[in-house]
Amino acid sequence: MSEILVLVDHADGAVRKPALELLTLARRLGAPSAVVLGAGDAAAAIAAKAAEFGAEKVYVADGEEFATRLVVPKVDALTQIAKAAGAAAVLVTSGGEGKEVAARTALRLGSGIITDAVDVEAGADGPVATQSVFAASYQVKSAVTTGAPVITVKPNSVAPEAAPAAGAVENVTVAFTGNAATVTSRTPRVSTGRPELTEAAIVVSGGRGVGAADGFSVVEDLADALGAAVGASRAAVDAGWYPHTNQVGQTGKQVSPQLYIAAGISGAIQHRAGMQTSKTIVAVNKDPEAPIFELVDYGVVGDLFNVLPQLTDQVKAG
Amino acid sequence: MSLRIVVCVKYVPDATGDRRFADDATTDREGVDGLLSELDEYGVEQALRIAEANDGAEVTVLTVGPDDAKDALRKALSMGADKAVHVNDDDIHGSDVIGTSAVLAAALEKTGYDLVVCGMASTDGTMGVLPALLAERLGVAQATLLSEVSVAGGVVSGRRDGDAATELVEAALPAVVSVTDQSGEARYPSFKGIMAAKKKPVQSLDLDDLGIDAGAVGLAGAWTKVAEITARPARTQGQVVTDEGEGGKQLAAYLAEQKFI
């Protein structure tokens with residue numbers, strides 16, 4: 001069977017969930033091979049996890065370049081491995097850096113690229129990717145027609161399924177090339193202990209109606225009771241009430257959880273573009289005319305500072 | 001020392017309007033209202049700020065697009081860019097990002113640059129990979145997705161906020177940068193700026209000028225193909241209740257019924 005390369009996203013020495021989703025999708029297309037770059041001592045544990053989710057082979061490459069030079073070392077490694085393996089397709093998790101690595105790799109391989117797929121299936125002429133476009137108002141199916149397809153897939157596109165495989169580790173020495181920016185310092189993000197926004201099954205977001213940075217405590221309380229991630233609308237982020245890393249919307253994260261709870265968010269196009277594909281949408285807003293209510297499965301017209309704490313109590317009482 | 005800054009911008013359908021596809025499965029750019037992509041305004045803004053901080057700097061704004069794309073150039077000129085380059089050729093219609101990056105890279109080589117500035121993504125295609133592709137094609141460093149950027153002594157440096165970490169990055173010029181919507185609010189064109197823009201030079205280029213074979217770009221030259229487009233059915237509104245003291249409990253009952261709690 002043809003090899004499907006999966007670039008494994010990892011942080012703090014652990015595999016991130018979207019990589020397991022990619023391995024699950026890769027099995028539809030061929031034999032998954034994981035690519036683990038710059039993981040240091042954690043590579044063995046990451047390789048084992050990849051094998052548990054279907055990796056027949058695991059290519060491991062290391063070097064300080066992965067940490068000190070921007071994007072290009074990963075492109076060097078992925079391109080070299082894809083060529084040597086004669087890979088039939090390359091899957092990468094959608095995200096700022098993942099998309100950049102995928103694009104440069106595609107160009108070097110002479111391959112077309114599709115970004116932000118929400119599904120990938122095997123087709124008669126190779127993989128068919130589904131994208132959700134124009135603020136999720138259309139679904140587009142497309143295929144790469146030149147070269148081995150390079151496809152980036154959004155987190156939460158499929159439920160990861162274990163399928164133990166050999167996971168034979170192959171250490172690769174990468175010939176680093178090219179002109180790359182230098183990373184002069186790196187400050188890991190401090191974990192909040194909450195799930196990753198793009199990976200969470202439930203997201204609770206606050207917007208302008210939260211009124212102040214302090215107001216986000218009611219949003220966080222509900223999120224913690226539900227085991228959910230916390231999001232924020234652009235209005236709340238621009239006001240400085242919540243960090244940009246939590247922004248949901250066109251210029252922030254695009255999320256697609258099982259349940260999305262919008263509190264004090266009017267539902268401008270900028271925000272809808274980031275959450276419209278959520279399975280179930282719930283909103284709490286004082287304004288009965290807020291456009292967010294057009295999208296909801298269940299809505300409460302009311303003050304979020306009354307409704308959310310009452311809901312939180314109910315969840316805790318469970 | 002002169003500093004040649006080129007900002008790449010895109011003319012996109014207005015996201016607040018009705019965006020749709022043309023019969024050939026490309027983005028409809030004719031029957032809809034278009035404008036300078038909002039995310040590219042941040043690129044223009046940062047280019048202008050860098051030019052203000054560096055003596056002898058010149059800002060050129062570059063676009064690839066149909067006739068109406070000149071509106072995007074005009075907007076950037078009225079914000080303060082010095083001159084514009086418009087690559088316009090019917091054969092470019094339908095290009096994918098691989099093709100578009102080839103055209104832009106050739107235009108950048110022809111125009112000359114020390115620093116290429118892009119927005120973080122277009123608001124229509126939303127791929128966010130064009131800056132990386134330009135760096136690859138031009139063989140220069142990429143310092144992308146920056147929320148802070150500055151240029152001094154022939155080096156561009158900035159802050160890149162990723163999912164897992166915040167990185168400080170730097171690269172010797174020439175280089176390609178992209179800036180996020182966190183990099184600083186874009187200025188509004190002044191009346192004086194709007195009047196001055198009318199007299200600023202706009203150079204038009206076509207594929208012949210760039211030495212690009214028409215077959216290598218456009219819909220026929222694309223390395224990807226759209227197979228099917230389906231309008232997503234509008235979400236149907238569910239139940240909306242008004243809180244009369246029990247709203248949180250009612251919502252809890254709904255979530256329990258849906259097995260979320």
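This one's a predicted model, so the numbers in the text were calculated from it and none came from an experiment.

Asker: Help me out: how do you make sense of a negative patch on the surface in this one?
Answerer: A contiguous patch of negative charge, built from Glu 30, Asp 67, Asp 68, Asp 71, Asp 90 and Asp 91 of chain B, is present on the exposed surface. Residue position: Asp 67 of chain B is located in the loop between strand S4 (57-64) and helix H2 (70-79).

Asker: Teacher, can you tell me more about the domain arrangement of chain A here?
Answerer: Interface size is commonly expressed as the accessible surface area that is lost when the partners come together. All names here are of chain A. Splitting chain A by domain gives domain 1 (3-171) and domain 2 (202-317). Of the residues lining the interface, 5 residues belong to domain 1; the matching set on domain 2 comes to 7 residues. When residues of domain 1 are sorted by the area they lose upon contact with domain 2, Ala 135, Lys 154 and Asn 156 head the list and together hold 70% of the total. Inspection of the region where domain 1 meets domain 2 yields 0 salt bridges. On inspection of domain 1 and its partner domain 2, the count reaches 1 residue pair in polar contact (both at pLDDT 80 or more). Its residues assigned to classes, the side of domain 1 that touches domain 2 comprises 2 nonpolar, 2 polar and 1 charged.

Asker: Help me understand the sheet that holds strand S10 (residues 175-179) of chain B in this model?
Answerer: Within the open sheet, the 10 strands sit side by side as S12(A)-S9(B)-S8(B)-S7(B)-S10(B)-S6(B)-S1(B)-S4(B)-S5(B)-S11(B). Their pairing is mixed. Strands with a single pairing partner mark the edges of an open sheet, and in this sheet they are strand S12 (182-188) of chain A together with strand S11 (202-205) of chain B. This sheet shows a mean twist of 30 degrees between the axes of neighbouring strands, independent of strand direction. Note that strand S6 (residues 115-119) of chain B and S10 of chain B share 5 bridges and pair parallel. What sits directly across from Gly 119 of chain B, in S10 of chain B, is Val 179 of chain B. Relative to the sheet, helix H3 (residues 97-111) of chain B contacts strand S1 (3-9), S4, strand S5 (83-87), S6 and S11 of chain B, its axis offset from that of S4 of chain B by approximately 150 degrees.

Asker: When you look at the interface of chain B and chain A in this model, what are you seeing that I'm missing?
Answerer: Contact with chain B, which involves 75 residues of that partner, is made by 82 residues of chain A. Each partner contributes to the roughly 6,900 Å² buried at the junction of chain B and chain A, and carbon and sulfur atoms together form 56% of this total. Here chain B and chain A share 8 salt bridges between them. Among the salt bridges present, the one from Arg 160 of chain B reaches Glu 100 of chain A, with a minimum N-O distance of 3.1 Å. Between the two partners, chain B and chain A, sit 46 residue pairs in polar contact (both at pLDDT 80 or more). At the level of elements, helix H1 (38-53), H3, helix H4 (130-138), strand S7 (141-152), strand S9 (165-172), strand S12 (224-231), strand S13 (239-242) and helix H8 (247-257) of chain B are the ones that each hand at least two residues to the side of chain B that touches chain A.

Asker: Would you mind going over unusual backbone geometry with me for this structure?
Answerer: What is expected of a backbone is that most residues other than glycine have negative phi and most peptide bonds are trans. All names here are of chain B. Residue Pro 174 is bonded to the preceding Leu 173 through a cis peptide linkage, with omega at 0 degrees. At Leu 145, a residue that is not glycine, the phi angle is positive and equals roughly 55 degrees. With respect to the secondary-structure elements, Leu 145 resides in strand S7. You can call Leu 145 buried: its relative accessible area is 15%.

Asker: Is there a simple way to explain the UniProt feature "domain: Electron transfer flavoprotein alpha/beta-subunit N-terminal" (unreviewed entry) in chain A in this structure?
Answerer: Taking the numbering used here, the UniProt-annotated feature "domain: Electron transfer flavoprotein alpha/beta-subunit N-terminal" (unreviewed entry) corresponds to residues 4-195 of chain A. Secondary structure across residues 4-195 of chain A comprises 27% helix and 34% strand; the distance between its end C-alpha atoms is 28 Å.

Asker: Sorry if this is basic, but what is going on with the side chain of Thr 280 of chain A here?
Answerer: You can see Thr 280 of chain A is positioned in strand S16 (residues 280-285). Judged by relative accessible area, which is 9%, Thr 280 of chain A ranks as buried. If near-sequence neighbours (up to four positions away) are discounted, Thr 280 of chain A is found in contact with Gln 258, Leu 259, Tyr 260 and Asp 297 of chain A together with Arg 235, Tyr 254 and Phe 260 of chain B.

Asker: Just checking my understanding: could you explain the packing of H1 of chain B against H2 of chain B for this structure?
Answerer: Angle between the axes and distance between the axes are the two parameters that describe a pair of packed helices. All names here are of chain B. Closest axis-to-axis distance for the H1/H2 pair is 10 Å, and the angle between their directions is 35 degrees. Taken as a pair, H1 and H2 cross one another with a handedness that is right-handed. Here Glu 41, Val 44, Glu 45 and Leu 48 of H1 lie close against H2, whose contacting residues are Lys 75, Ala 76 and Met 79. Looking at the contact of H1 with H2, its residues break down into 4 nonpolar, no polar and 3 charged.

Asker: When you look at the sheet that holds S13 of chain B in this model, what are you seeing that I'm missing?
Answerer: Pairing between sheet strands relies on hydrogen bonds along the backbone, with the strands arranged either parallel or antiparallel. Read across the sheet, 6 strands follow the order S14(A)-S13(A)-S15(A)-S16(A)-S17(A)-S13(B) without closing on themselves; strand pairing throughout is parallel. For this open sheet the edge positions go to strand S14 (229-232) of chain A together with S13 of chain B, each flanked by a neighbour on one side alone. Going from strand to strand, the sheet's axes swing by 15 degrees on average, the running direction of each strand aside.

Asker: What is the right way to read the side chain of Lys 99 of chain A from this model?
Answerer: Its location among the elements puts Lys 99 of chain A in helix H5 (residues 96-109). Apart from the residues lying within four places of it in its own chain, the contact partners of Lys 99 of chain A are Thr 93, Ser 94, Ile 113, Thr 115, Asp 116 and Thr 152 of chain A together with Thr 126, Met 127 and Val 129 of chain B.

Basis of the calculations
Residues numbered from 1 in each chain as written. Chains lettered and ligands numbered in written order. Predicted model: local features only at pLDDT ≥ 70, side-chain atom pairs only at ≥ 80, totals over all residues. Heavy atoms only, no water. Patch = residues over 30% accessible without salt bridge, like charges linked within 9 Å, V, L, I, M, F, W, Y side chains within 5 Å. Areas by Shrake-Rupley, 256 points an atom, 1.4 Å probe, with all protein chains shown as cover. Salt bridge = Lys/Arg side-chain N within 4 Å of Asp/Glu carboxyl O. Lys, Arg positive; Asp, Glu negative; His and termini not counted. Charge placed at Lys NZ, Arg CZ, Asp CG, Glu CD. Helix = DSSP H or I, 4+ residues; strand = E, 2+ residues; numbered from the N terminus. Domains from an automatic or database assignment. Contact = heavy atoms within 4.5 Å. Buried area = accessible area lost by both parts, 1.4 Å probe. Polar contact = N/O pair within 3.5 Å; in protein donor to acceptor, adjacent residues only side chain to side chain. Nonpolar A, V, L, I, M, F, W, Y, C, P; charged D, E, K, R; others polar. Pairing = 2+ DSSP bridges. Axes fitted to C-alpha atoms, helices over the stretch in contact; angles between N-to-C directions. Buried < 20%, exposed > 50% of the residue type's maximum accessible area, 1.4 Å probe, protein only. UniProt positions renumbered as here; feature names shortened; annotations may be inferred. Left-handed = near helix turned anticlockwise from the far one by under 90°.

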